[in-house]
Amino acid sequence: MSQAEVIGTGGADGSDRSGGAGAAAGSDAGPRALWTLGLFRSELVTTLRRWRTLALLAVLAAVPVLIGIAVKIETGDGGSSGGGGGEGPAFITQITNNGLFLVFAALAATLPVFLPMAVGVVAGDAIAGEANAGTLRYLLVAPAGRTRLLLAKYATVLTFTLVATLVVAASALAVGAVLFPLGDVTTISGTTISFGDGLLRAALIAVVVAASLAGLAALGLFVSTLTGSGIAAMATTVGLLITVQILDTIPQLDAIHPYLFPHYWLSFSDLLREPLYWDDVQKNLGLQALYAAVFGSAAWARFTSKDITA
């Protein structure tokens, strides 16, 4: 029996039913059938070592540098960023007074476009890229198990999302510390908190921003199971992202806006209020969990039932 036939006749978890050896392997797996730490670690290392991934992280790290330099040049004559009229990305007018605000401004600038596009590329390539390279069937014959492999892929995309967000935040903090003064943070509510508390808020906001992309990661993973072309999966995921964001800006469609996954992305600014305002943040996280559950289930249903021939 060929490898393709073995995969095509495997169970929902990708195990080989053709002989006793496969059954014994499945029995030995026991409670580990849904998760293998070694598989996740291997997937994560492979993803982070790709030149494409490193290039994406480099671009994300460069965005805060460009914003910081632009603000520094504009305010070099003693003027205020954005002309003092609130123009430009959120928080950008406060950067000259406190470099920590560059973290918030950089996250606000990258969240609508750069971060989700990077996540869309990695998620879209997760399964389709393996199929296109001809390595997917060998991963399943190993056997990795289809469910465990899919979970490892999704966990890898989520980890990349967190890493990418932290890269933006760390780059912004470093540039802000070099180009601007640091000190106590004035919240949106007008109160003042210490610099240490401001750092904690920045870390919390970075985690919330990363969690805001969980729904998109699941959508990209589902798209990746539909095709054997990594480029097609990445393009489709990014195209869907752009389409949904356009829909979210059309006033006539305001009835559906609260159900679109990018709608509450910028709600993280409420975490700079005193006291913290959680309503929209909770709506955002709940919406991401719903998208992750729906498209994660769809990806599992598709991946565990398809014949892998490449």
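The residue numbering used here restarts from 1 in each chain and proceeds along that chain's sequence as written. This being a predicted model, a pLDDT of at least 70 is required before a residue's local features are given, and a value of 80 or more before pairs of side-chain atoms are given or counted; all residues contribute to the totals for chains, interfaces and linings. Computation of side-chain values: all heavy atoms of the structure, hydrogens and water removed.

(A) Up close: the pattern of salt bridges. The salt bridge criterion pairs a side-chain nitrogen of Lys or Arg with a carboxyl oxygen of Asp or Glu, the two atoms within 4 Å. The full count for this structure, using the stated rule, is five salt bridges. Across the salt bridge formed by Arg201 and Glu274, the nearest N and O atoms sit 2.4 Å from each other. With Arg201 in helix 9 (residues 195-211) and Glu274 in the loop between helix 11 (230-247) and helix 12 (279-303), the pair connects residues that are 73 residues apart, well separated along the chain. For the exposure calls, accessible area comes from a 1.4 Å probe over protein chains only, and a residue counts as buried if that area is under 20% of its type's maximum, exposed if over 50%, partly exposed in between. By relative accessible area, which is 34% here, Glu274 ends up partly exposed. The helix and strand labels rest on DSSP assignments: H or I over at least four residues marks a helix, E over at least two residues marks a strand, and numbering proceeds from the N terminus.

(B) Spotlight on the environment of Ala106. If you trace the backbone, Ala106 turns up in helix 5 (residues 101-110). The buried category is assigned to Ala106, whose relative accessible area is 0%. C-alpha separation for the pair Ala106 and Pro64, spaced 42 residues apart in sequence, amounts to 5.4 Å. Only heavy atoms matter for contacts: two residues are in contact if any of them lie within 4.5 Å across the pair. If sequence neighbours within four positions are ignored, Ala106 has contacts with Pro64, Ile67, Val168 and Ala172.

(C) Geometry of a nonpolar patch on the surface. Surface patches are drawn from residues lacking salt bridges whose relative accessible area is over 30%; two like charges belong together within 9 Å, two nonpolar side chains (Val, Leu, Ile, Met, Phe, Trp, Tyr) within 5 Å. Only the protein chains shown count as cover for residues, and all accessible areas are computed by the Shrake-Rupley method using a 1.4 Å probe. Together, Val59, Val113, Phe114 and Met117 give the surface a local cluster of nonpolar side chains, amounting to about 310 Å² of exposed area. Its location among the elements puts Val113 in the loop between helix 5 and helix 6 (114-133). Its relative accessible area of 38% is what places Val113 among the partly exposed residues.

(D) Structural context of the packing of helix 4 (residues 51-74) against helix 5. The interhelical angle for the contact between helix 4 and helix 5, taken along N-to-C directions, is 120°, at an axis separation of 10 Å. With respect to helix 5, the axis of helix 4 lies oblique. Handedness of the helix 4/helix 5 crossing: right-handed. On the side of helix 4, the interface is formed by Val63, Pro64, Ile67 and Gly68, while helix 5 contributes Leu102, Ala105, Ala106, Ala109 and Thr110. Amino acid classes used here: Ala, Val, Leu, Ile, Met, Phe, Trp, Tyr, Cys and Pro are nonpolar; Asp, Glu, Lys and Arg are charged; the rest, including Gly, are polar. Taken together, the residues that form the contact of helix 4 with helix 5 break down as seven nonpolar, two polar and no charged. To get an axis, fit a line to the C-alpha atoms, keeping to the stretch in contact for a helix; angles then go from 0 to 180 degrees between the N-to-C directions. An angle below 35 degrees is treated as roughly parallel, one above 145 as roughly antiparallel, one from 65 to 115 as roughly perpendicular, and anything else as oblique. It is the rotation of the near helix from the far one that decides the hand of a crossing: anticlockwise by less than a right angle makes it left-handed, clockwise makes it right-handed.

(E) Region of interest: the packing of aromatic side chains. Classification of ring pairs rests on two measures: the distance between centres of Phe, Tyr or Trp rings, Trp counted by its six-membered ring, which must be within 6.5 Å, and the angle between planes, read as stacked under 30 degrees, edge-to-face over 60 and tilted in between. Counted under the stated rule, the structure contains five aromatic pairs. With centroids separated by 5.9 Å and ring planes inclined at 50°, the aromatic side chains of Phe261 and Trp265 adopt a geometry described as tilted. For the pair Phe261 and Trp265, a shared accessibility class is recorded, and that class is buried. A centroid spacing of 5.9 Å and a plane angle of 20° characterise the contact between Tyr291 and Phe295, whose relative ring orientation is stacked. A residue pair is termed a helical-turn pair when its members lie 3 or 4 positions apart in one helix, as Tyr291 and Phe295 do in helix 12 at four residues. Each member of the aromatic cluster is reached from another via a ring pair, and the members are Phe222, Phe261, Trp265, Tyr291 and Phe295.

(F) A look at helix 12. Helix length check: helix 12 (25 residues) gives 36 Å between terminal C-alpha atoms against 36 Å at 1.5 Å per residue, within 8%. Every buried residue of helix 12 is accounted for by Val281, Asn284, Leu287, Gln288, Tyr291, Ala292, Ala299 and Phe303. One fewer than the residue count of a helix, multiplied by 1.5 Å, yields its expected span.

(G) Broad picture of the side chain of Thr110. Relative to the assigned elements, Thr110 resides in helix 5. We classify Thr110 as buried; its relative accessible area is 0%.

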